2 protein chains.
Amino acid sequence: MRRPSDFVDERRLWDRHMAIAAFGATGRGGVDRQALTGDDGRARAALAGWAVGRGFRPIADEAGNLFVRRDGAEADAPAVLSGSHLDTQPAGGNFDGVYGVLAALETLEALADGGFEHRRPIEAAVWTNEEGCRFAPGCTGSLVFSGKHAIEELWNATSPDGAVLKDELERTLAMTPEAERRRGGIPLAGYIEAHIEQGPRLEAGGFAVGAVTGIQGGASFDVTVSGTDGHAGTVPLAERRDAFRSAHAIVDALYRDLADPTDTARFTIGRFRAWPGSPNTIPGKVVFTIDFRHPDATFYRGKVDAIADLCAAHAGPCDVDVTVRHDGDPVAFDEAVIGRVERIAAELRLPAIRMPSGASHDAAYMASLCPAGMVFVPCRGGISHNEDERASPEDLAAGCRVLADALYEMAMGWDGSPGTAPRRAATGRAGPRRDARPRSRGRARDAGAP
Amino acid sequence: MRRPSDFVDERRLWDRHMAIAAFGATGRGGVDRQALTGDDGRARAALAGWAVGRGFRPIADEAGNLFVRRDGAEADAPAVLSGSHLDTQPAGGNFDGVYGVLAALETLEALADGGFEHRRPIEAAVWTNEEGCRFAPGCTGSLVFSGKHAIEELWNATSPDGAVLKDELERTLAMTPEAERRRGGIPLAGYIEAHIEQGPRLEAGGFAVGAVTGIQGGASFDVTVSGTDGHAGTVPLAERRDAFRSAHAIVDALYRDLADPTDTARFTIGRFRAWPGSPNTIPGKVVFTIDFRHPDATFYRGKVDAIADLCAAHAGPCDVDVTVRHDGDPVAFDEAVIGRVERIAAELRLPAIRMPSGASHDAAYMASLCPAGMVFVPCRGGISHNEDERASPEDLAAGCRVLADALYEMAMGWDGSPGTAPRRAATGRAGPRRDARPRSRGRARDAGAP
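Residues numbered from 1 in each chain as written. Chains lettered and ligands numbered in written order. Predicted model: local features only at pLDDT ≥ 70, side-chain atom pairs only at ≥ 80, totals over all residues. Heavy atoms only, no water.

Comments concerning the overall build of chain A
The helix and strand inventory of chain A stands at 12 helices and 17 strands. For chain A, the C-alpha atoms occupy an extent of roughly 85 × 45 × 45 Å along the three principal directions. Expressed as a percentage of the 450 residues in chain A, the buried residues total 62%. For chain A, restricting intrachain contacts to residue pairs at least 6 apart in sequence, the fraction spanning at least 24 positions comes to 79%. Accessible surface, chain A: about 15500 Å² in total, of which carbon and sulfur atoms supply 51%. For chain A, the separation between the mean place of its 52 positive charges and that of its 63 negative charges on side chains is 4 Å. (Helix = DSSP H or I, 4+ residues; strand = E, 2+ residues; numbered from the N terminus. Buried < 20%, exposed > 50% of the residue type's maximum accessible area, 1.4 Å probe, protein only. Contact = heavy atoms within 4.5 Å. Areas by Shrake-Rupley, 256 points an atom, 1.4 Å probe, with all protein chains shown as cover. Lys, Arg positive; Asp, Glu negative; His and termini not counted. Charge placed at Lys NZ, Arg CZ, Asp CG, Glu CD.)

What about the pattern of salt bridges?
Evaluated as defined, the whole model comprises 74 salt bridges over all chains. Put simply, R183 of chain B and E152 of chain B hold a salt bridge, and the shortest N to O gap is 3.2 Å. Of the two residues, R183 of chain B is situated in the loop between β5 (180-182) and β6 (188-196) and E152 of chain B in the loop between α4 (140-145) and α5 (165-173); the sequence distance between them amounts to 31 residues. A relative accessible area of 54% means that R183 of chain B is categorised as exposed. E152 of chain B sits in the partly exposed class, given a relative accessible area of 36%. If you follow the salt bridges from partner to partner, you end up with R3, R340, R343, E347, D405 and E409 of chain A in one network. (Salt bridge = Lys/Arg side-chain N within 4 Å of Asp/Glu carboxyl O.)

Quick word on the side chain of S278 of chain A
Secondary-structure assignment places S278 of chain A in the loop between β11 (272-275) and β12 (281-282). For S278 of chain A, the residues in contact, after removing those within four places along its chain, are Q89, P90, C133, G270 and R271 of chain B.

A few points about the pairing of strand β17 (residues 372-377) of chain B
Residues and elements named next belong to chain B. Taken across its 6 residues, β17 has 6 buried, putting it largely inside the fold. Burial along β17 is two-sided: A372, M374 and F376 and G373, V375 and V377, pointing in opposite directions, are all buried. Pairing analysis gives 3 bridges linking strand β7 (residues 209-215) to β17, with the strands arranged antiparallel. Within the sheet, the bridge partner assigned to V212 lies in β17 and is M374. (Pairing = 2+ DSSP bridges.)

Topic: α5 of chain B
Among the residues of α5 of chain B, L165, E168, L169, T172 and L173 of chain B are the ones counted as buried. All buried residues of α5 of chain B fall inside an arc of 130 degrees around its axis, so they share one side. (Arc of directions from axis to C-beta.)

Observations regarding helix α11 (residues 393-412) of chain B
Residue and element names in this part refer to chain B. Spanning 20 residues, α11 covers 28 Å between terminal C-alpha atoms, matching the ideal 28 Å at 1.5 Å per step. The buried count for α11 comes to 16 of 20 residues, which makes it a mostly enclosed element. Backbone geometry just downstream of α11 places G413 in the positive-phi region, at approximately 90 degrees. (Expected span 1.5 Å × (residues − 1).)

Some remarks on unusual backbone geometry
For the bond running from W275 of chain A to P276 of chain A, omega is 5 degrees, close enough to zero to count as cis. Tracing the backbone shows P276 of chain A in the loop between β11 and β12. You will see that N129 of chain B, though not glycine, has its phi angle at about 50 degrees, which is positive. Turning to its location among the elements, N129 of chain B is positioned in the loop between β4 (122-126) and α4. Taking relative accessible area as the criterion, N129 of chain B reaches 1% and is therefore assigned buried.

Here's the deal with the interface of chain A and chain B
Put simply, an interface is often sized by how much accessible area is lost when its parts join up. Residue-level contacts link 57 residues of chain A with 57 residues of chain B. Taken over both partners, the interface formed by chain A and chain B buries close to 4900 Å², and the fraction arising from carbon and sulfur atoms is 50%. Area buried by chain A at its contact with chain B is led by H231, Y255 and P279 of chain A, which between them contribute 13% of it. The interface formed by chain A and chain B holds 0 salt bridges in total. At the junction of chain A and chain B, the tally comes to 37 residue pairs in polar contact (both at pLDDT 80 or more). Of all the elements in the fold, those that place two or more residues in the side of chain A that touches chain B are β9 (230-231), α7 (243-257), β10 (266-268), β11, β12 and β13 (285-294) of chain A. Its residues placed into classes, the side of chain A that touches chain B shows 21 nonpolar, 22 polar and 14 charged. (Buried area = accessible area lost by both parts, 1.4 Å probe. Polar contact = N/O pair within 3.5 Å; in protein donor to acceptor, adjacent residues only side chain to side chain. Nonpolar A, V, L, I, M, F, W, Y, C, P; charged D, E, K, R; others polar.)

Considering the domain arrangement of chain A
Residues and elements named next belong to chain A. According to the domain assignment, chain A contains domain 1 (4-216 + 331-445) and domain 2 (223-328). Relative to domain 2, the C-alpha centre of domain 1 lies at a distance of 35 Å. Contacts between domain 1 and domain 2 engage 10 residues on the former and 8 residues on the latter. There are 0 salt bridges connecting domain 1 and domain 2. At the junction of domain 1 and domain 2, the tally comes to 3 residue pairs in polar contact (both at pLDDT 80 or more). Grouping the constituent residues of the side of domain 1 that touches domain 2 by class yields 6 nonpolar, 4 polar and no charged. (Domains from an automatic or database assignment.)

Notes on the nonpolar core
Of all hydrophobic cores here, the largest spans 101 residues; its most connected members are L81, F145, L188, F333 and M366 of chain B. The leading source of residues in this core is α11 of chain B, at 12 residues. In this structure, A48, V80, V375 and M410 of chain A belong to the second largest nonpolar core, which totals 100 residues. (Core = buried A, V, L, I, M, F, W, Y, C linked by side-chain atoms within 4.5 Å.)

Some remarks on the side chain of E131 of chain B
Looking at the secondary structure, you find E131 of chain B in the loop between β4 and α4. The side chain of E131 of chain B sits in the buried core without any salt bridge; R293 of chain B is the nearest counter-charge, 7.5 Å away. A polar contact of 2.8 Å, which involves the side chain of E131 of chain B, links it to the side chain of Q89 of chain B. Not counting chain neighbours up to four residues away, the residues in contact with E131 of chain B comprise N280 of chain A together with H85, D87, T88, Q89, D96, G138 and H385 of chain B.

Concerning the relation of the copies chain A and chain B
With an RMSD of 0.0 Å, the fit of chain A onto chain B corresponds to turning through 180 degrees and sliding 0.0 Å along the axis. Both copies are brought into coincidence by an operation consistent with a two-fold rotation axis. Taking C-alpha positions as reference, the residue of chain A nearest the rotation axis is R273 of chain A, located at 2.2 Å. When the interface residues of chain A are mapped onto chain B, 100% of them again lie at the interface, so the same face is used by both copies. (Least-squares fit on C-alpha atoms with pLDDT ≥ 70 in both.)

Here we look at the layout of surface pockets
Size it by volume and the largest pocket reaches roughly 880 Å³. In this structure, the largest pocket is lined by 37 residues; those nearest its centre are C133, P160 and R271 of chain A together with P276 and G277 of chain B. At the level of elements, β8 (217-226), β11 and β14 (319-328) of chain A together with β11 (272-275) of chain B are the ones that each hand at least two residues to the lining of the largest pocket. Its residues placed into classes, the lining of the largest pocket shows 14 nonpolar, 11 polar and 12 charged. Approximately 700 Å³ is the volume found for the second largest pocket. Together, 28 residues line the second largest pocket, and G277 of chain A together with C133, S159, P160 and R271 of chain B are the ones closest to its centre. Every element with two or more residues in the lining of the second largest pocket is listed here: β11 of chain A together with β11 and β14 (319-328) of chain B. (1 Å grid on protein atoms, 1.4 Å probe; cavity = no way out; pocket = protein on both sides within 12 Å on 5 of 7 lines; lining within 4 Å. Points joined across faces, edges and corners; volume = space filled by probe spheres on them.)

Let's talk about the environment of V304 of chain A
All names here are of chain A. Mapped onto the elements, V304 comes out in helix α8 (residues 297-313). Given a relative accessible area of 4%, V304 falls into the buried group. Between the alpha carbons of V304 and D327 there is a distance of 8.2 Å; along the sequence they are 23 residues apart. The contacts of V304, once residues within four sequence positions are left out, are A219, F221, F292 and D327.

Comments concerning the packing of aromatic side chains
Under the counting rule described, the total for this entry stands at 27 aromatic pairs over all chains. Summarising the aromatic geometry, the rings of F67 of chain A and W127 of chain A are spaced 5.7 Å apart at their centres and angled 85 degrees between planes, so their arrangement reads as edge-to-face. Highlighted residues: F67 of chain A in strand β2 (residues 66-70) and W127 of chain A in the loop between β4 (122-126) and α4 (140-145), separated in sequence by 60 residues. Considered together, F67 of chain A and W127 of chain A belong to a single accessibility category, that of buried residues. Taken together, a centroid distance of 5.5 Å and an interplanar angle of 20 degrees make the contact between F272 of chain B and F288 of chain B stacked. Here F272 of chain B, found in strand β11, pairs with F288 of chain B, found in strand β13 (residues 285-294); they are 16 residues apart in sequence, far enough to count as distant. Judged by relative accessible area, F272 of chain B falls into the buried class, the value being 2%. (Phe/Tyr/Trp six-rings, centres within 6.5 Å; stacked < 30°, edge-to-face > 60°.)

Have a look at this one:
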């Protein structure tokens, strides 16, 4: 008998990527669709329109997360969720995030096209502000859904262009008026997020699918160095409070402290700017960011906890302020989900490997709520966060087939152990099963800071 | 008998500073009146209005330089010039540049109030874009006046905000319609520029006046480092073309190479920015500036000529492009002008010292055309290029008295040697003297690049 993956439509999936790519297109092959901008809102509106056109229910929550729901036979059963984000980097590509949203929508359409019904509801999710480059912290939507923050705690976040999150969120929510409103998270039976790898391993190894084992730890900091403006031609070094020179010394100390001969650690200064920014004025202020990641929890925690003191120790005559944008310990995905992805890939004759994720994803927060995992597909040269980010229609569809079958199995309550899934059942429906008790939203709230 | 300095009006001079300070006032005690902006134009218009109100002739040239002329008895005699600039740093003060313009205007008014006539014309000059922070190179106006560049060669200069110099120049010139138009430089008999010191020596030593001996060599570069955008969490160090990391290595090499245990050299990174500027994207581009100054011509030239190669040698996996914004060898002022400033200060009982200038000034270009010098006055704490830049009405007026007498002597043709100046002459006019032959504009054009 046929399975949901048989109804995944490669052309439809690709065309929807190209349709979303129009929102914020830069004209250089990439896109600037930062969170809660007009282009982000228009991309969401397009998605909601497609959902309504197929008879699915669009739902929005207080964090601006947009869900497309296909109801299950058991109306109140915990849902199976899949999704990612539509916001991008300022010079981003057309697949990072978008793929996970559209693969989830394609799964719903494949299920509808194939006439599959399922016990549990399945929802495709658009998480708000995953990238975090316009408003900190990133993963705003999954932070709120998973109970790590109330949205009210994030309302005052301000973008470099002076916009306030609360205003931009209201404006964006108003752009999908057809969406039902829902507050807070819902009980979940499972979560799988599809995503381009954003690294070179799958392509280099000839693999179609990565069964993601977890996400390395990642921290992000805002650093402000404050000195005194002065004339570049007159003030002697001994009397300078040169914010650039101090920032340089701090970065130098960070490069030394975070150096890693095994090339496992990832350390990036992505934003760095000196003020007032005149060639012949000693800068009185420098603002920069630190991004540090490592898969080992102990190593990660040791380095991250030392960063603020390290900055202070090398600030010289200037003052330094270090603010945590984000600090997430390494996350291990659910073994059953990982195994399910591997098994389905094998059944579909798609070469697959287990692999960790270098990038962080909304899945890291969902892993605190339910059995969670991810499906990676190749991207050309491993290039991402770049307008040259590319993925092929075939690779996107292949990953989506794995996702569709996996979500369907989870929505049917099959636990995925070898031999337990009645995958050739005539009706496509299995008898009711007891769900693993989902962790409630209330418990997630008590889980402490991310 | 009375001399021009007796008619310098401290209150008028101060009030005019405060009037100009309104154009581009930031509300934090300083000003943002960058070159050829609307505020720059409005400040020029105010000055032209004051000139017309006193019967002086406003004149504008093709570089936007604005002159206020008081004619001399000999209509075609080479002029005595004095001035500075009205443009400021983006977070600048109310005295840098403005003082030199207003002290020159105050001299004309003092001469008029005292009924002094003079052989040679005296002009107060506003030089266009001295600061160079909006359009490179700086000293646009004096570069053109002194024949180092034709204005047409600078028309395409573009500001960080995307404005083009030619357009901004036309708009600015249209704001002083009362000004006669003149093309090119004019023969000069002498030039003296009044300026705040922008350093701490006068204040610390209790001096009222600095007789400036020269200007140290100064060079400014734009450096662009080009790499590849990438995901901060995935790309291994070995595969990165991280423009920030390469820029850091270049700056580190520059700090080492330009280190000076005597604290004589001045090395500043005033502008530095990473693109696209997202916390979790490896920057594909960094742009920064280098400002280097030193009073010793040989040392200066050796270091400046090595900078481009030094940048290239430390760019790692990235590409680097180094462009010279400005490169000016050390300038020595005319001994007769220096001595005249010292002598007049002594006659006025103002404590004075000889001192070099750490900052560059339009006077550096005038020194290629005629005997030139500068008068420095104290500024509080030596602070400049800063909204906290301050100077007292008394100090400004004291420097202006020296300037007024010096300009008058030069306009009378007195050569300033001890014993030769009939300073107590009953009429305030001396018999005609042969001017030292002024270097012609044609010769200056042949003087080569600055």
